[in-house]
Amino acid sequence: MNTVAFTLNGQMVEASAGKSIFNIAKELGIAIPHLCHKEGLAPDGNCRACVVEVAGERTLAPSCCRSATPGMQVQTNSERAVKSQKMVLEMLLADLPEQGHKWLDDRAEAPHGELSQWAEHHGVQVRPQLAALRREAVPADVSHPAMAVNLDTCIQCNRCQRACRDLQVNDVIGLAFRGAHTQVVFDLADPMGGSSCVGCGECVQACPTGALMPKSHMGPQTVDREVDSVCPFCGVGCLVTYQVRDEKIISVQGREGPANEGRLCVKGRFGMDYIHSPDRITMPLIRKAGVAKDLDLIDGHTDWREVFREASWEEALDLATQPLNTLRQQHGPKSLAGFGSAKGSNEEAYLFQKLVRTGFGSNNVDHCTRLCHASSVAALLEGVGSGAVSNPVRDVEHSDLIIVIGSNPTSNHPVAATWMKNAAQSGTRIVLADPRITDIGRHSWRNLQFKADTDVAMLNAMLHVIVTENLCDETFLRERADNVAELKAHVQDFTPEAMSAVCGIPADTLREVARAYASAKAAMILWGMGVSQHVHGTDNVRCLIALASITGQIGRPGTGLHPLRGQNNVQGASDAGLIPMMYPNYQRVSDKSAHDWFEKFWDTQLDDQPGYTVVEIMHKALAPDTDPHKVRGMYIMGENPAMSDPDLNHARHALASLQHLVVQDIFLTETAWLADVVLPASAWPEKTGTVSNTDRTVQMGRQAVLPPGDAKPDLWIIQQIAQRLGLNWSYAGEHEGVAAVYEEMRQAMAPAIGGIDWARLNAGSVTYPCVSAEDPGQPIVFHDHFPTPDGRVKLVPVDLILAAERPDVDYPFVLITGRQLEHWHTGSMTRRATVLDALEPAATASMHGADMDRLGLEPGQRIQVRSRRGEVSLQVRQDNGTPLGAVFMPFAYQEAAANLLTHAALDPFGKIPEFKYCAVQVQGINSQKA
């Protein structure tokens, strides 16, 4: 590393070349006032509070923008420098309107945030003769549900603008007008609540004076404590700091972490108050005798006291487990099943699957990965020997080209999307391949808006171009791939001209994108559930594996394959064995060596046959009594299949038909309404445990507040159930023995996390594989071999397979489901977060304007969407990014549950339902169907 030697305040200093004087001084403990400068933002130098004196130079230099050079002599505390610093601080204070900060109470020690703090540091007070300089006050803007704008305190440091435009790349905040009238504006000087602001709050976190502030933090600025943790929403794994006052989380700050570097989205910053919702279950509940499991109760309008009664934990735990024991004794182990959660910790997932396998006696355990990326995992295990990502999201900064397919990252993985947008700003070409043109399309080089259900046609055409134009990496294929000849022969017939008619992408565009991907020095593929949630989802991913492999775009920085995980611990829950055909670390239950190892490790006889998946369990719950494997009892922890499963009428009927159902959750979810016993659990900020994000990074979440009422930690509940099932478990230690559970899981998952002990996780995030204490972790894998039996990638040719249900005269539209920015999963959490619900309070269906015109529909009008399985009523929203002939619906709204409409047809390999394609009809309320 190149270094420079120079003099700083009379002392010789050696520092890295190119480092700013400000950062060098900071590392040496020298405080320099600064207002426009903030770590993570590009240096701007506009406030001039950080000026220093450089010997031989006429003007003072802004230290944030000035790099040290050899022999330079710098004074940060010279009389001239300090006088200038003080003048800047005094002038900024003098400019502020007299009433000061609107949001702070009279006890505030620093009414203008960092400006007041630096003024106090330098002993600066505004002289009376400068009072005439004060600018006129402006009205406050409180139009946004989450944030308040008080431009009286704004010093125009541009931090908010740089945070919005440079970090988040949302392009909402700018400066308008001229001279003394210059001010920060949102879009075209719109109120913040009426602008295109997406509520990420990056501007709030950047603002040094409180001109932008969370509404939840208005008033006293002191907090009782700050607790470092991990965001509980999507799989990006952003690190956060909870700010707690009076045992409530009042605000959230982004924390420096490998996935986010302090960035957050609207859910992570403003969505945590769901834990304080009055809807929380605070006591165990038992269904009253004689109260039927009426599916009409799922709407939640019934008073829970008409259905359930409160009980003690002792009674509830006994009534939860005794019927499970009886069913197991009478009908055998396969009569019971369990759904675990990807919203909890690794330790909870591990212990839950262990309970089902050792306590119930079968492998009938699954979770929501079956409904999101099961086909991705199936194809990746088959092809590359690992179901996890090859490269972290942030590796896009090393890519020349990235393909984003079947994913809407700005809504589903907003912070991950910022890295993609940053890469595009630096010259990386983004290819968006999706039936919908979503927000990331504004930053893309090419938009491949293919017809829904035609992924394989489009990808095989690209493979054809690469093979027939000799763009393959033949060295890579010769040394590291199998079935190459078969794949090359198979794609010969999939010409771009032939496939263009199928997928709707011009042949020339297919050729252009294929050539660009193959010729890029580094190219990466990221995908979401738009790829996986099809009957051909595994085939879709097989094509992506082939695309990366034949071009050698894997095993290096900026390359690889990345299925973006939708929940905070889908990756970790799968790793921990919360799937029916795999023990922890993806060891097949049917593999004798793995089976024998776990029998010895857990000292229990285990079933050696794969269990049933989520959808199969629902079918088995409705099987005739003569079926020896009929599922009669279930234990569901933190999952909501009465909202998340396809063909909800069928799924809800199955749940209601169970002889015994135990639900462990924080709310009376749609599933909990069908339970016999409901156990009140802990929300994520109320527990300590680890999670593994989409990048394979294991991170520590820490308890910030206690669960409400008599709610209990999930680990405690699982252990209580286990003891009553006859399991002699003892996990001693703080937080119900979470560290002891982790250390047992670490043995079960060796060598993947073998080098990550509990103490190491307390010190920071670690990415696996990490096989020893000396291993720093491996964010990028497959450098020189794949974890397959022969170390080579297996290429699998695939043919075109049609969706299980196609549009016809009666049902002419295609339904596409997904998430939206403000709401997440089944909405049980985010719809109880006040800000998020205020931003998106009502269910909507998005349609192309031309389709709406043809049907005579106006934006905001109520429509009915009907499939062969159900119907819902909701508002229509115009979105010309939605293709003609399609309807897009989020699935988070109980009153318009999209999965009442979806098809339960399964991918034969991943056993994942086809959520992303079914036939529907649309009609305006009181109009004819169309």
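Above this text is the structure in question.
What you see is a predicted model; the values in this text were computed from it and never measured. (Residues numbered from 1 in each chain as written. Predicted model: local features only at pLDDT ≥ 70, side-chain atom pairs only at ≥ 80, totals over all residues. Heavy atoms only, no water.)

Asker: So what exactly am I meant to see when it comes to the sheet that holds strand β17 (residues 401-405) here?
Answerer: The strands making up a sheet associate through hydrogen bonds between their backbones, and the pairing can be parallel or antiparallel. Taken together, five strands build an open sheet; the order of strands is β19-β18-β17-β21-β22 and the sheet is parallel. Each having just a single partner strand, β19 (446-448) and β22 (560-563) make up the two edges of the open sheet. Mean inter-strand twist for the sheet, computed between neighbouring axes without regard to direction, equals 15°. Lying over the sheet, helix α18 (residues 537-550) contacts β17, β21 (523-527) and β22, oriented at roughly 170° with respect to β21. (Pairing = 2+ DSSP bridges. Helix = DSSP H or I, 4+ residues; strand = E, 2+ residues; numbered from the N terminus. Axes fitted to C-alpha atoms, helices over the stretch in contact; angles between N-to-C directions. Contact = heavy atoms within 4.5 Å.)

Asker: I'm lost on the sheet that holds strand β16 (residues 365-366) in this one. Help?
Answerer: If you trace the seven strands from one edge of the open sheet to the other, you get β14-β13-β27-β26-β25-β15-β16, paired in mixed fashion. Bordering the open sheet on either side are β14 (308-310) and β16, each of which pairs with just one other strand. Of the strands in this sheet, β15 (336-339), β16 and β25 (633-637) touch helix α21 (residues 614-621), which is tilted by about 145° from β15.

Asker: For this particular structure, what's the right way to read α21?
Answerer: Of all eight residues that make up α21, seven are buried, and the element is covered over most of its length. What α21 keeps buried is the set Val-614, Val-615, Glu-616, Ile-617, Met-618, Lys-620 and Ala-621. Looking at the buried side of α21, the elements it contacts are β15, β16, β25, α22 (641-644) and α23 (648-657). (Buried < 20%, exposed > 50% of the residue type's maximum accessible area, 1.4 Å probe, protein only.)

Asker: Can you help me understand the pattern of salt bridges in this one?
Answerer: Once their charged atoms are close, side chains differing in charge can pair, the charge on each being opposite to the other. For the structure on display, the rule yields 48 salt bridges. Measuring nitrogen to oxygen at the nearest pair gives 3.6 Å for the salt bridge that ties Asp-228 to Arg-255. With Asp-228 in strand β10 (residues 225-230) and Arg-255 in the loop between β12 (248-254) and α6 (266-270), the pair connects residues that are 27 residues apart, well separated along the chain. The structure contains a network of salt bridges with shared partners spanning Glu-469, Glu-497, Arg-511 and Arg-515. (Salt bridge = Lys/Arg side-chain N within 4 Å of Asp/Glu carboxyl O.)

Asker: Teacher, can you tell me more about the layout of surface pockets here?
Answerer: What the largest pocket holds in volume is close to 1400 Å³. As for the largest pocket, its lining consists of 50 residues, and the residues nearest its centre are Lys-38, Glu-114, Gln-205, Cys-207 and Gln-253. At the level of secondary structure, the elements contributing two or more residues to the lining of the largest pocket comprise α1 (21-27), α3 (113-122), α4 (159-167), α5 (202-206), β9 (212-214) and β12. Looking at the lining of the largest pocket residue by residue, the class counts come to 17 nonpolar, 16 polar and 17 charged. (1 Å grid on protein atoms, 1.4 Å probe; cavity = no way out; pocket = protein on both sides within 12 Å on 5 of 7 lines; lining within 4 Å. Points joined across faces, edges and corners; volume = space filled by probe spheres on them. Nonpolar A, V, L, I, M, F, W, Y, C, P; charged D, E, K, R; others polar.)

Asker: Where do I start with the packing of helix α24 (residues 714-724) against helix α25 (residues 734-748) in this structure?
Answerer: Pairs of packed helices are described in terms of their axes, by the angle between the two and the distance that separates them. Axis separation between α24 and α25 bottoms out at 8 Å; the angle between their running directions is 80°. Relative to α25, α24 is oriented roughly perpendicular. Along its contact with α24, which presents Leu-715, Trp-716 and Gln-719, the element α25 presents His-735, Glu-736 and Val-738. A class-by-class count of the residues in the contact of α24 with α25 yields three nonpolar, two polar and one charged. (Parallel < 35°, antiparallel > 145°, perpendicular 65-115°, else oblique.)

Asker: What's the story with the nonpolar core in this structure? I'm lost.
Answerer: Here is a general trend for soluble globular proteins: nonpolar side chains tend to be buried in one another's company. The biggest cluster of nonpolar side chains holds 126 residues, and the ones touching the most others in it are Tyr-242, Tyr-274 and Leu-355. Element by element, the count of residues in this core is highest for helix α8 (residues 346-360), at seven residues. Beyond its immediate sequence surroundings of up to four residues, Leu-355 is in contact with Phe-360, Tyr-635, Ile-718, Ile-721, Ala-722, Leu-725, Leu-727 and Trp-729. If you look at the next biggest cluster of nonpolar residues, it comprises 58 residues, including Ala-433, Leu-463, Cys-472 and Val-798. (Core = buried A, V, L, I, M, F, W, Y, C linked by side-chain atoms within 4.5 Å.)

Asker: Sorry if this is basic, but what is going on with the packing of aromatic side chains here?
Answerer: Under the definition given, this model contains 16 aromatic pairs. On the basis of an interplanar angle of 50° and a centroid distance of 6.1 Å, the ring pair of Phe-308 and Trp-673 is categorised as tilted. Here Phe-308 is found in strand β14, whereas its partner Trp-673 is found in the loop between β26 (660-665) and β27 (677-680), with 365 residues between them in sequence. Judged by its relative accessible area of 1%, Phe-308 is buried. Looking at Trp-673, the relative accessible area reads 4%, which means it is buried. Each residue in the set Tyr-350, Tyr-583, Trp-597, Phe-598, Phe-601 and Trp-602 is aromatic and connected to the rest through ring pairs, giving one cluster. Here the guanidinium or amino end of Arg-263 rests over the ring plane of Trp-419, the centre of that ring lying 3.8 Å away. The cationic tip of Arg-429 hangs over the ring face of Trp-445; the distance from NZ or CZ to the ring centre is 4.8 Å. (Phe/Tyr/Trp six-rings, centres within 6.5 Å; stacked < 30°, edge-to-face > 60°. Lys NZ or Arg CZ within 6 Å of the ring centre and 35° of its normal.)

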